Amino acid sequence: MALIEELDQQGNFLFRWRSYIPGFILLLCLYSLSKFEFLEDSYEINLYYAGACFVVSLLGLAVRCFVIGYAPARTSGRNTKEQVADVVNQEGIYSLVRHPLYLGNFLMYLGPVLYFRDVPLLLVFSLFFGFYYERIMFAEEKFLRDKFGQDYLNWADKIPAFIPKFSGYVKPKLGFSFRNILKREYPSLFGILVIFVVFDYAASFKVGFGDWREPWTVITEPQIWAFGIGAAFYTIVRVIVKTTKWLVVEGR
């Protein structure tokens, strides 16, 4: 098999399994827990640092929301079985970078990785992400090139793949849809919250020498509030999505 076909085959395979990437990263991070210590031996200071890492993840989610808020139907989706695209997105953030959703994913995953302040972990994460998503991006671009031909190539020649340029922004013709964001990204926000709560609890347990027979003794008030608010938000939005059409937007 020629290398171009092999890379395309690998990319399509990884594309179908990309939803499981957070699980692998979570395992990598938990491995780093064995040598974790609170920043300056203070839970309060470490909590502020965790908040900064959480902001990094929120920045990644914001990038995804910016994409999805303007995305037309059958583009920028969560499909896993096959590539789908009815048009080549060339407006909005796609006028600055070709793969903004994956840029958003990188920042979302980077936040939890930074929490552990572990340089080898950061390097492994970066190499893994680069290897994994490079093949997915290759497969997506081959699909778009085969389907849209010169129209795609003319756009790709001007737009960087992953690191955005900061000029030449094209305002989208479609209006911004907060409902579309809420419908599609509420699991991402809850997932980020859960990961940070789990990491903060695991760190508290490890550093505080918690008793495995009484694991509730190291649960903190910030953990309870963060998880409680996140779970309530997730439950309400999921019920709305599954039982009503309030968040359905025509053409999205």
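On a predicted model such as this, the values are computed, not experimentally measured, just so you know.

The rules behind the values
- For every chain, the first residue of its written sequence is number 1, and the numbers climb from 1 along that sequence.
- Note on the predicted model: pLDDT of at least 70 is required for a residue's local features to be given, and 80 or more for side-chain atom pairs to be given and counted; whole-chain, interface and lining totals, by contrast, use all residues.
- Excluding hydrogens and water, the side-chain figures rest on all heavy atoms present in the structure.
- Residues belong to one nonpolar core when they are buried, are Ala, Val, Leu, Ile, Met, Phe, Trp, Tyr or Cys, and are joined through side-chain atoms within 4.5 Å.
- We call a residue buried when its accessible area falls under 20% of the maximum for its residue type, exposed when it is over 50%, and partly exposed in between, using a 1.4 Å probe and counting protein chains only.
- Numbering goes from the N terminus for both helices and strands, where a helix is a DSSP run of H or I of at least four residues and a strand is a run of E of at least two.
- The contact criterion used throughout is that any non-hydrogen atoms of two residues lie within 4.5 Å.
- In this analysis, the expected span of each helix is defined as 1.5 Å times one less than the number of residues it contains.
- UniProt positions are given in the numbering used here, feature names are shortened, and annotations may be inferred rather than shown by experiment.
- A pocket here means an open set of points on a 1 Å grid, computed over the protein atoms alone, that has protein on both sides within 12 Å along at least five of seven lines. A cavity is instead a set of points where a 1.4 Å probe fits but cannot get out; residues with an atom within 4 Å of a point line either one.
- Grid points are joined across faces, edges and corners, and a volume is the space filled by probe spheres set on the points.
- Residue polarity follows a fixed list, in which Ala, Val, Leu, Ile, Met, Phe, Trp, Tyr, Cys and Pro are nonpolar, Asp, Glu, Lys and Arg are charged, and the others, Gly among them, are polar.
- Just to be clear on terms, a salt bridge is a Lys or Arg side-chain nitrogen sitting within 4 Å of an Asp or Glu carboxyl oxygen.

Asker: Is there a simple way to think about the nonpolar core in this case?
Answerer: Generally speaking, nonpolar side chains in soluble globular proteins are found buried as a group. Formed by 53 residues in total, the largest nonpolar core has its most connected members in F36, Y109, Y115, F116, F125 and Y133. Among the elements that make up this core, the one with the highest residue count is helix α5 (residues 119–148) (10 residues). Contacts of F125, omitting those with residues within four sequence positions, involve I25, F106, Y109, L110 and V113.

Asker: What should I look at first to understand helix α4 (residues 100–115) in this one?
Answerer: Because an α-helix completes one turn every 3.6 residues, residues spaced three or four positions apart along the sequence face the same direction. Taking 1.5 Å of rise per residue, the 16 residues of α4 would be expected to cover 22 Å, and the 23 Å separating its terminal C-alpha atoms lies within 8% of that figure. Along α4, 15 of the 16 residues are buried, which leaves the element largely enclosed by surrounding structure. R117, located one to two residues past α4, shows a positive phi value of around 50 degrees.

Asker: I would appreciate a short explanation of unusual backbone geometry in the present structure.
Answerer: Excluding glycine, most residues fall at negative phi; most peptide bonds, likewise, are trans. The backbone of D41 sits at a positive phi, close to 55 degrees, despite the residue not being glycine. For D41, the position within the fold is in the loop between α2 (21–32) and α3 (43–70). By relative accessible area, D41 is classed as exposed at 68%.

Asker: Would you mind going over the UniProt feature "transmembrane region" (unreviewed entry) in the chain with me for this structure?
Answerer: The UniProt record annotates "transmembrane region" (unreviewed entry) at residues 17–34, 46–71, 114–133, 186–204 and 224–241. The span residues 46–71 carries 96% helix and 0% strand; its end-to-end C-alpha distance comes to 38 Å. Along residues 224–241 the backbone is 100% helical and 0% strand, and the end-to-end C-alpha distance reaches 25 Å.

Asker: Got a minute to help me understand the layout of surface pockets in this structure?
Answerer: Space left empty within the atom packing is revealed by a probe, the size of a water molecule, rolled over the atoms. Estimated volume of the second largest pocket: approximately 210 Å³. In terms of lining, the second largest pocket is formed by L47, A50, G51, F54, L193, F196, V197, D200, P222, Q223 and A226. Elements supplying a minimum of two residues to the lining of the second largest pocket: α3, α7 (178–207) and α8 (221–243). Taken together, the residues of the lining of the second largest pocket sort by class into 8 nonpolar, 2 polar and 1 charged.

Asker: Would you explain the pattern of salt bridges in this entry?
Answerer: Pairing between side chains of opposite charge can happen when the charged atoms of each approach one another. Here the structure, examined in full by the defined rule, presents 6 salt bridges. We note a salt bridge from K142 to D146, for which the minimum N-O separation is 3.1 Å. Pair noted here: K142 and D146 are both in helix α5, with a separation of 4 residues, about one helical turn. Of the residues examined, K142 reaches a relative accessible area of 24% and is grouped as partly exposed.

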